[in-house]
Amino acid sequence: MKAWLVYTLARLGIFAAALAVLFVIGLRWYWAAIGAALIGLLVSYIALPGLRGRVTSDIAARRGRPERDADSDFEDDFVDAADTDAADTDAPAADRAVSDADRHRARREHDED
């Protein structure tokens with residue numbers, strides 16, 4: 001069975017058991033529901049770390065990794081080079097470019113000179 005389904009059913013079971021106990025004690029339905037939710041949260045956090053870990057690893061494995069392309073790599077290298085150039089200059093911090101547009105403009109002006 002899928003890990004997320006087992007985890008969800010376990011949490012619902014803990015909630016239902018806590019709700020039944022709080023009803024037997026004699027609490028009103030809304031206080032019993034709030035108390036059961038809190039008890040279910042705490043008990044599942046303590047008692048179900050293995051299931052929670054499997055669910056998160058399954059989700060992470062299904063998500064995949066973002067693909068990188070040549071254009072993104074070029075832009076990243078360009079911005080990194082601009083940052084390196086700005087760090088190498090003796091200009092005060094207020095005169096350095098602060099946004100990508102300012103960096104590109106400063107780079108073009110520098111290349112034109």
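A short tour of the structure in this document, coming up. (Residues numbered from 1 in each chain as written. Predicted model: local features only at pLDDT ≥ 70, side-chain atom pairs only at ≥ 80, totals over all residues. Heavy atoms only, no water.)

Things to note about the packing of helix 1 (residues 3–25) against helix 2 (residues 29–47)
Here is step 1 of the chain: Closest axis-to-axis distance for the helix 1/helix 2 pair is 8 Å, and the angle between their directions is 140°. As summarised for this structure, helix 1 and helix 2 are arranged oblique, according to the angle between their axes. Our pair here, helix 1 against helix 2, has a crossing hand that is right-handed. In contact with Arg11, Ile14, Phe15, Ala18, Leu19, Leu22 and Phe23 of helix 1, helix 2 contributes Trp29, Ala32, Ala33, Gly35, Ala36, Ala37, Ile39, Gly40, Leu41, Val43 and Ser44.
Here is step 2 of the chain: Classifying every residue of the contact of helix 1 with helix 2 by side-chain character gives 14 nonpolar, 3 polar and 1 charged. (Axes fitted to C-alpha atoms, helices over the stretch in contact; angles between N-to-C directions. Helix = DSSP H or I, 4+ residues; strand = E, 2+ residues; numbered from the N terminus. Parallel < 35°, antiparallel > 145°, perpendicular 65-115°, else oblique. Left-handed = near helix turned anticlockwise from the far one by under 90°. Contact = heavy atoms within 4.5 Å. Nonpolar A, V, L, I, M, F, W, Y, C, P; charged D, E, K, R; others polar.)

Structural notes on the side chain of Ser44
Here is step 1 of the chain: Along the chain, Ser44 falls in helix 2.
Here is step 2 of the chain: We classify Ser44 as buried; its relative accessible area is 2%.
Here is step 3 of the chain: Sequence-distant contacts of Ser44, defined by excluding residues within four places in its chain, comprise Arg11, Ile14 and Arg52. (Buried < 20%, exposed > 50% of the residue type's maximum accessible area, 1.4 Å probe, protein only.)

Purely geometric stuff here, so don't read any function into it on its own.
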